[in-house]
Amino acid sequence: MPQDDNGTIPAESDSLSPNDQNQPDGTVEGQAAAQLQQQQPSRAESFFAITKSLIIRALIIYFISSFFRRPAPDAGVNQQATGKSKINAWNLFENGTVFDLHVYISEDQYNVDFSDPSSLVWLQEGLVYGDWYGGRDKDGIFTLNTHIKASEQLMNNGSIYLHTYVTKTGLSPNPAAGEDFAGKNMGHANAMLSKYKRIKRTKTHNLLAGEKEKFEKELEDALVDDKILAHWHPNLTINLVTDQTNWVKGSVPPPLDEYIKFLPGGQTYLPIVFYNDYWNMMRDYQPINSTTPVLELNLSYQPLSLFKWQLYAAQTMRNKWANNMFTEALSGGTETDEDQDSLKEALLDNNPYLLGITIVVTILHSVFELLAFKNDIQFWNN
């Protein structure tokens, strides 16, 4: 073995030669670096992924905001492709219009017996359209507490309806009023006060009873079907939508088109009357029968903004879809009622700022989960 001048043996070099360093495929570090380089997306792929995610977010925000967006006012008349004109209609009641509120009770869904004085339960005169500071507490709210007598038909699973008319001051919805008859120039809405709910029988039996007695009890319960009875809730809010949007006949988005009524010609629409029972708890409804000959009725009048009206109208439409025949056949309506009460209690009992923060955090958490899921898919695709 060769030695140097000092008599020591030279040590073998632990480093690789320059040729070995230029060939990373022969080492573990080189293979890992190559795999990492292959897994990393190119700049074009990263830009495409970011752009795609931004477009998806923008579309979601657009569809949500378009639901609450007012129709853009056009100047005068817009021409359609068919040659017909789209006319921007104006509200019959301008801000500052003095009007009267007429509320009637009737067992007929479409007609009111104006000749019966007892059918008129509330007449509030001298209201001002667009006044948000009227009433006893200067909050725009007027209330009425009264009692109505339940007829034999109503106590035997009948129905009762509330008819509300909004006329300019001094006019009447009664056709027999002569020159004071409002005619078609009045807002009108009707709603059924009683609500039909299914009463489900709890089929139980006494475990301590004899076999014969238990069998007879089970057979008796099996022969009795669930009953659908009329129920009553004493509270109802009558809202008058205070807004001057120029709606176009035939172009009003659902479900708002069910409430906006146009006069002949389509140049004017009537004031919008909306019944709001969203905050009535389902568990507070009581059955109407012979033990309830007198029913309590608490009515409230309050102006309503366009934004809140859209929210309530959308919720009303959702309830109609939820209470279809298919849902009733599956759950009998009880689960839906309990879920609605739980949501209302959460909105009423908690701080609105805390609820807002919770909603924002939930949305952000959902967005981050979506992005993480997208990255996982991209990782395994590569």
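Right, let's walk through the structure included here.

Basis of the calculations
Sequence order as written defines residue numbering, which begins from 1 separately in each chain. Local features are withheld for residues below a pLDDT of 70 in this predicted model, meaning they are given only at 70 or higher, and side-chain atom pairs are given and counted only at 80 or more; totals for whole chains, interfaces and linings count all residues. The side-chain numbers reported here are obtained from all heavy atoms of the structure, hydrogens and water having been left aside. Note: two strands are recorded as paired if DSSP finds a minimum of 2 bridges between them. Helix and strand labels come from DSSP, where a helix needs a run of H or I of at least four residues and a strand needs a run of E of at least two; each type is numbered from the N terminus. Each aromatic pair joins two rings of Phe, Tyr and Trp (for Trp, the six-membered one) with centres within 6.5 Å, and gets the label stacked for planes under 30 degrees apart, edge-to-face for over 60, and tilted for any other angle. For every residue, the accessible area obtained with a 1.4 Å probe (protein chains only) is divided by the maximum for its type, and the residue is called buried under 20%, exposed over 50%, and partly exposed between those limits. By definition, residues are in contact when any of their heavy atoms lie within 4.5 Å.

### With respect to the sheet that holds strand 9 (residues 195-199)
Logical step 1: One open sheet holds the 3 strands; their spatial order is 9-10-14, and the pairing between them is antiparallel. On the outer flanks of this sheet lie strand 9 and strand 14 (286-287), each paired with one strand and no other.
Logical step 2: Where strand 10 (residues 227-232) meets strand 14, 2 bridges bridge the pair, whose relative direction is antiparallel. Of the residues in strand 14, the one forming a bridge with Trp-232 is Gln-286.

### Observations regarding the packing of aromatic side chains
Logical step 1: With the rule as written, the count across this model stands at 12 aromatic pairs.
Logical step 2: On the basis of an interplanar angle of 80° and a centroid distance of 5.1 Å, the ring pair of Tyr-104 and Phe-114 is categorised as edge-to-face. In this pair, Tyr-104 sits in strand 4 (residues 98-106) while Phe-114 sits in the loop between strand 4 and strand 5 (120-128), placing the two residues 10 residues apart along the sequence.
Logical step 3: The class of Tyr-104 is buried, set by a relative accessible area of 6%.
Logical step 4: Plain terms: the ring middles of Tyr-278 and Tyr-312 are 6.0 Å apart, the flat faces sit at 55° to each other, and that makes the pair tilted.

### Concerning the side chain of Ser-119
Logical step 1: Mapped onto the elements of the fold, Ser-119 is located in the loop between strand 4 and strand 5.
Logical step 2: Under the relative-accessibility criterion, Ser-119 is labelled buried at 5%.
Logical step 3: Once residues within four sequence positions are removed from consideration, Ser-119 is found in contact with Val-103, Tyr-104, Ile-105, Val-112 and Asp-113.

### Re unusual backbone geometry
Logical step 1: Residue Pro-255 is bonded to the preceding Pro-254 through a cis peptide linkage, with omega at 0°.
Logical step 2: Phi is positive for Lys-138, which is not a glycine, with a value near 60°.
Logical step 3: Here Lys-138 lies in the loop between strand 5 and strand 6 (142-149).
Logical step 4: For Asn-157, which is not glycine, the phi torsion reads 65° and is therefore positive.
Logical step 5: Among the structural elements, Asn-157 can be located in the loop between helix 4 (152-155) and strand 7 (161-168).

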